[in-house]
Amino acid sequence: MAKLACDYHRQGLCHSCQWLEVDYHTQLTRKSAHLLSQLAPLQVANEAFLPPYASPFAAFRNRAKMAVSGSVERPILGIIPDPQMPQSAVDLCYCPLYPTAMQQLMVALKDFIARAGLVPYNPAKRKGELKYILLSFSQHSGRYMLRWVLHSDKKLALITRELPALLARLPQLAVVSVNIQPQHAAILEGEQEIILTPQTALCEIFNDVPLFLRPNSFFQTNPTVASALYHQAQAWVSELPVSHIWDLFCGVGGFGLHCLQALRAAHPHALLSLTGIEISPPAIESATQSAREMGLVNKQTKVRFASLDAVSVVNHTEKPDLVIVNPPRRGIGQELAAFLNQLQPHFILYSSCNARSMAQDLAQLTHYHCQKVRLFDMFPHTAHYEVLVLLRLKAPDALCD
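Here the residue index of a chain counts from 1 through its sequence in written order. Only residues with pLDDT of at least 70 get local features here, since the model is predicted, and only at 80 or more are side-chain atom pairs given and counted; chain-wide, interface and lining totals rely on the full set of residues. To obtain the side-chain values, all non-hydrogen atoms of the structure were included, while hydrogens and water were left out.

(A) Spotlight on the pairing of strand E12 (residues 301–307). Bridge count between strand E11 (residues 272–278) and E12: seven bridges; the pairing is parallel. Within E12, the position partnered with threonine 275 by the bridge is arginine 304. Handedness of the E11-helix H7 (residues 281–293)-E12 crossover: right-handed. In this description, strands pair whenever DSSP reports at least two bridges between them. Helical segments are the DSSP runs of H or I of at least four residues, strand segments are the runs of E of at least two, and each set is numbered from the N terminus. Crossovers are marked right-handed if the path from the first strand over the helix to the second runs clockwise, as seen with the strands pointing away from the viewer.

Here it is in structure tokens:
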């Protein structure tokens, strides 16, 4: 059976892929069994489960989060198992989860760090400036977004001065920014983001839907599986009697825009609406840009994205036929589940990266039953996975039971 060969794992240097010793078919079998066990109390019909969607075996990640350590002359990009022992750092530039082009770019960035004098931050001594490199890749354009995470803005002028030379050498860099993270705690990024390039967002296209990734926006790390996840949502929703959609925790608009596109294709003359709610203003800006580029902002289609907490949508006046929820790992919670039970949209499309919290939420959505379920292996070689569930409102007589 197929297993991913990784020298880092073989040498005991990195244990991020906990299931690397497990053949991939067995990985999918275990994940499917785990999903079944989580949903067992809900008595979901066997025919509701679709076959799991498998991921590419290697080189599937489009994002790298590298801690920077070592010396300015010989920087190390990877992980620091023990923050109090910087010498424990492991360079992961050649991790097989990353495409070859991304590996090569990270190696090239080491040279820039040395040339620019960006001293790696030492958490034990609380000295230095460069903490992390965050790199994102667009399969559509082949271009990248690079974020330097610094302890302070002391090196900002230096990076700005050296930026033209960096872009000349690495023209595949479309967006470059500096994030200031002044805390000594192991926090990935801070609140202040300074974009240094004219281009402020990286464009990715899934299923003819343009999505724009800004520095602070959440984006799936496995584009092949993400595209399949969105396409599955389209396929399910296109068959439903739906006109008005709410997309809660909408992020950059992936689910809502995909579903609206599918409904537009299925019902070209229908009056449709999409309301997307997300707490992150940059994500809302991205979603709005996508809707404009898709030509969805017109008299026949009402599209609105707002930067609010998901629960704030209770003040919206137009009742949806479909509510999409794509919450963080903690799930939607009791308050939002109770609100959806009261609102009673005909359908709920629930995407989750945590089957345990999802099962708890589904148990509280007592007015709904699971019509379709599918596992998407967004995170191969680990125990984690994504799930898409289509919920349908129970018949009125069932609600009274």
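(B) Just helix H9 (residues 355–364), in detail. Note on classification: 1.4 Å probe, protein chains only; a residue is buried when its accessible area is under 20% of the maximum for its type, exposed when over 50%, partly exposed between these limits. Taken together, the buried positions of H9 are occupied by Ala355, Ser357, Met358, Ala359, Asp361 and Leu362. When checking whether two residues touch, look at their non-hydrogen atoms; a contact exists if any pair is within 4.5 Å. Where the residues of H9 are buried, they touch helix H2 (24–39), helix H8 (333–343), strand E14 (347–352), strand E15 (368–376) and strand E16 (386–393).

(C) Main features of the packing of aromatic side chains. Note on ring pairs: Phe, Tyr and Trp rings are taken, using the six-membered ring of Trp, and paired if centres are within 6.5 Å. Classes follow the plane angle, with under 30 degrees stacked, over 60 edge-to-face and the rest tilted. Tallied over the full model, the rule gives eight aromatic pairs. The interplanar angle of 35 degrees and the centroid separation of 5.4 Å between the aromatic rings of phenylalanine 112 and tryptophan 148 together place this pair among those described as tilted. Here phenylalanine 112, found in helix H3 (residues 100–116), pairs with tryptophan 148, found in strand E5 (residues 144–150); they are 36 residues apart in sequence, far enough to count as distant. When the centroid spacing of 6.0 Å and the interplanar angle of 35 degrees are considered together, the rings of phenylalanine 206 and tyrosine 230 count as tilted. Of the two residues, phenylalanine 206 is situated in strand E8 (residues 202–206) and tyrosine 230 in helix H5 (residues 223–238); the sequence distance between them amounts to 24 residues. We note that phenylalanine 206, like tyrosine 230, is buried. Linked through ring pairs, Phe206, Phe219, Tyr230 and Phe255 together constitute an aromatic cluster. Put simply, a charge is over a ring when the Lys NZ or the Arg CZ is close to the ring centre, within 6 Å, and near the line of the ring normal, within 35 degrees. Above the ring of tryptophan 19, the side-chain terminus of arginine 30 is found at 5.4 Å from the ring centroid. The aromatic ring of tyrosine 121 is capped on one face by lysine 131, whose charged end is 4.7 Å from the ring centroid.

(D) Highlighting the side chain of serine 227. Structurally, serine 227 can be placed in helix H5. Apart from residues lying up to four places away in sequence, serine 227 is in contact with Phe206 and Asn207.

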